[in-house]
Structure formats: C-alpha cells, structure tokens
Amino acid sequence: MLLTVTVAAEAARFTFKLFVFDGVFERFPHLKVICSEADAGWVPHFTYRMDHIYNRMLYTAKSKKLERMPSEYFNENVSLTFQDDWVAFKVTNLLNPKRLLWASDFPHHDSVWPHSLQVLDEVFDLAGTTTAAQLDLKRIDPLYRLRFGDGREFHPAVDHDET
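Source: prediction; values computed, not measured.

1. Focus on the packing of helix α3 (residues 43-57) against helix α4 (residues 70-77)
Link 1 in the chain: Closest axis-to-axis distance for the α3/α4 pair is 8 Å, and the angle between their directions is 145°. Only Pro70, Ser71, Phe74 and Asn75 of α4 make contact with α3, whose side of the interface consists of Val43, Phe46, Thr47, Met50, Asp51 and Tyr54.
Link 2 in the chain: Partitioned by chemical class, the residues of the contact of α3 with α4 number six nonpolar, three polar and one charged.

In structure tokens:
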C-alpha cells in the first residue's frame, strides 16, 4: 500500500506524528508513505523529538504503547523527496538514506530544472560514496509500481530517453 503526501515540512511533521502515535504503521506495517516537496534535513530532529516525547509521556499521559520506538516506524515507512537539500546530506547518519528520493519539483518556481543533472551530481558528491550508492534512483519503481499500458514494468533508467 502506498500513500503520497505532498505537504510542507511543518504539515508533514503533524501528519506523521498522527501516523506514528495513533498506531497507523503498527496496524498497517506494509504501508509506505512518500512525503514530497518537504525535503529531509528536518527529519533527525523530528524523529529525536518523537522518541523523547514518547519516552516521557508514555507513563504520564494516556499514550498508546507502541511495539517499537516512533523513529523506527518513521525511518522504515516514510520516504522523503529532496531536490538540493544539502542539510540532509550533512546528517545522513541520523536518518535512513535508503528512504531519500530525488525529485526535480518541475515545473514549480523553486525547481532545480533546467540544471537537474548538475544539481544531482553535486548532491551525490556531497553525499559521499556510501550514501550515493544507497540513493539508487531505481528505488522509486517498486514504490509506485509503474506500468506501461501493455502491463510491462516501467524502469526510468532504462526506458526514458533524455535526448
């Protein structure tokens, strides 16, 4: 099951607190959510705060007991798109880089187009070899399960002609 959420970072935090603390990811462990247009540099502090609040409030408020820490649900079930979020790559050790998805945000005003490939090269340089390898651009395919009209799977790296 896939859900795409397009929201600013502040609205995303509110939405994901509900998903985690209300047990949505526990009830639907295979649910994958893509948070688009909110970048990812905010995630380490957000997941830290969710864990902190959970640990403090579990016994002082009527909080639902979760099987795992809130950050674990977020890091396993939520993917985030980024364009040129340099902050995210300075803190990749504090988030799950396998859940980062590159997006150009075309045709919006803050899109990196027409310099998308140059920006992507810069991101990979900043990310370093290990993180860049984890940023497999084909990872989006299993999330969206894209298909041609005749049922064949669509693989952007193979099927898209950039000329």
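2. Comments concerning the pattern of salt bridges
Link 1 in the chain: This structure, assessed with the given rule, holds two salt bridges.
Link 2 in the chain: A salt bridge links glutamate 72 to arginine 68; its shortest N-O distance comes to 3.5 Å.
Link 3 in the chain: Residue class for glutamate 72 comes out partly exposed when judged on its relative accessible area of 36%.
Link 4 in the chain: The residue glutamate 76 makes a salt bridge to arginine 68 at a minimum N-O spacing of 3.0 Å.
Link 5 in the chain: According to the relative accessible area criterion, glutamate 76 is partly exposed, its value standing at 34%.

3. Points about the packing of helix α1 (residues 9-21) against α3
Link 1 in the chain: At a minimum axis separation of 12 Å, α1 and α3 run at an interaxial angle of 40°. Comparing their axes, α3 and α1 come out oblique. For the element pair α1 and α3, the recorded crossing hand is right-handed. Residue-level inspection shows Arg13, Phe16, Lys17, Val20 and Phe21 of α1 in contact with α3, the latter providing Phe46, Met50 and Tyr54.
Link 2 in the chain: A class-by-class count of the residues in the contact of α1 with α3 yields six nonpolar, no polar and two charged.

4. Examining the nonpolar core
Link 1 in the chain: In terms of nonpolar packing, the biggest core is built from 32 residues, with Phe16, Phe25, Cys35, Trp42, Phe74 and Leu80 touching the most fellow members.
Link 2 in the chain: Secondary structure elements with two or more residues in this core: α1, α2 (24-27), β2 (32-36), α3, α4, β3 (78-82), α5 (86-90) and α6 (116-134).
Link 3 in the chain: At five residues, the largest contribution of residues to this core is made by α1.

5. What to know about the environment of serine 104
Link 1 in the chain: Of note, serine 104 is situated in the loop between β4 (100-102) and α6.
Link 2 in the chain: Sequence-distant contacts of serine 104, that is, excluding residues within four places in its chain, are made with Gln83, Ser111, Val112 and Ser116.

6. As for a negative patch on the surface
Link 1 in the chain: Together, Glu37, Asp84, Asp110, Asp121, Glu122 and Asp125 make up a region of like negative charge exposed at the surface.
Link 2 in the chain: Tracing the backbone shows aspartate 121 in helix α6.

7. As for unusual backbone geometry
Link 1 in the chain: For the peptide bond that leads from tryptophan 113 to proline 114, omega is 15°, which places it in the cis range.
Link 2 in the chain: Even without glycine at this site, glutamate 37 takes up a positive phi of about 65°.
Link 3 in the chain: Along the chain, glutamate 37 falls in the loop between β2 and α3.
Link 4 in the chain: Look at glutamate 37 and you get partly exposed, because its relative accessible area is 43%.
Link 5 in the chain: Here aspartate 39, not a glycine, exhibits a phi torsion of approximately 60°, which is positive.
Link 6 in the chain: Mapped onto the secondary structure, aspartate 39 falls in the loop between β2 and α3.

8. Points about the packing of aromatic side chains
Link 1 in the chain: Using the criterion set out here, one finds eight aromatic pairs in the structure.
Link 2 in the chain: Note on phenylalanine 16 and phenylalanine 74: the rings are 5.5 Å apart at their centroids and 85° apart in plane angle, and the pair reads as edge-to-face. With phenylalanine 16 in helix α1 and phenylalanine 74 in helix α4, this pair connects stretches of sequence that are 58 residues apart. The burial state of phenylalanine 16 is the same as that of phenylalanine 74; both residues are buried.
Link 3 in the chain: Judged by centre distance (5.6 Å) and plane angle (70°), the rings of phenylalanine 46 and phenylalanine 74 are edge-to-face. Placement of the pair is phenylalanine 46 in helix α3 and phenylalanine 74 in helix α4, with a sequence separation of 28 residues.
Link 4 in the chain: Residue classification places phenylalanine 46 among the buried residues on the basis of a relative accessible area of 6%.
Link 5 in the chain: Judged by relative accessible area, phenylalanine 74 falls into the buried class, the value being 1%.
Link 6 in the chain: Grouped by ring-pair contacts, the aromatic residues Phe16, Phe19, Phe25, Trp42, Phe46 and Phe74 constitute a single cluster.
Link 7 in the chain: Between the NZ or CZ atom of arginine 68 and the centre of the ring of tyrosine 73, over which it lies, the distance is 4.7 Å.

Calculation criteria
Each chain has its residues counted from 1, following the order in which its sequence is written. Reporting of local features is limited, given that this is a predicted model, to residues whose pLDDT is at least 70; pairs of side-chain atoms are given and counted only at 80 or more, and all residues count toward the totals for whole chains, interfaces and linings. The basis for every side-chain value is the complete set of heavy atoms in the structure, and neither hydrogens nor water enter the calculation. Interaxial angles span 0 to 180 degrees and are taken between N-to-C directions of axes, which are lines fitted to C-alpha atoms, for helices over the stretch in contact. Where helices and strands are cited, they refer to DSSP runs of H or I of at least four residues and of E of at least two residues respectively, numbered from the N terminus. A contact between two residues is defined here by any heavy atoms of the two lying within 4.5 Å. Residues were grouped as follows: Ala, Val, Leu, Ile, Met, Phe, Trp, Tyr, Cys and Pro as nonpolar; Asp, Glu, Lys and Arg as charged; and all remaining residues, including Gly, as polar. Think of a salt bridge as a Lys or Arg side-chain nitrogen and an Asp or Glu carboxyl oxygen that are within 4 Å of each other. The classification of residues rests on relative accessible area computed with a 1.4 Å probe and restricted to protein chains. Under 20% of the type maximum is buried, over 50% is exposed, and intermediate values are partly exposed. Between 65 and 115 degrees an angle is taken as roughly perpendicular, under 35 as roughly parallel, over 145 as roughly antiparallel, and anywhere else as oblique. A crossing counts as left-handed when the near helix is turned anticlockwise from the far one by less than a right angle, and as right-handed when that turn is clockwise. By nonpolar core is meant a set of buried Ala, Val, Leu, Ile, Met, Phe, Trp, Tyr and Cys residues that side-chain atoms within 4.5 Å join together. Excluding any residue in a salt bridge, patches collect residues exceeding 30% relative accessible area, merging like charges within 9 Å and nonpolar Val, Leu, Ile, Met, Phe, Trp and Tyr side chains within 5 Å. Every accessible area reported is derived by Shrake-Rupley at a probe size of 1.4 Å, with residue values counting cover from the shown protein chains alone. None of His or the chain ends enter the tally, which takes Lys and Arg as positive and Asp and Glu as negative. Every charge is mapped onto a representative atom, which is NZ of Lys, CZ of Arg, CG of Asp or CD of Glu. Centre distance within 6.5 Å is the pairing criterion for rings of Phe, Tyr and Trp, where only the six-membered ring of Trp is used; planes under 30 degrees apart are then read as stacked, over 60 as edge-to-face, and the remainder as tilted. Remark: a charge is flagged as sitting over a ring if the NZ atom of Lys or the CZ atom of Arg is within 6 Å of the ring centre and within 35 degrees of the ring normal.

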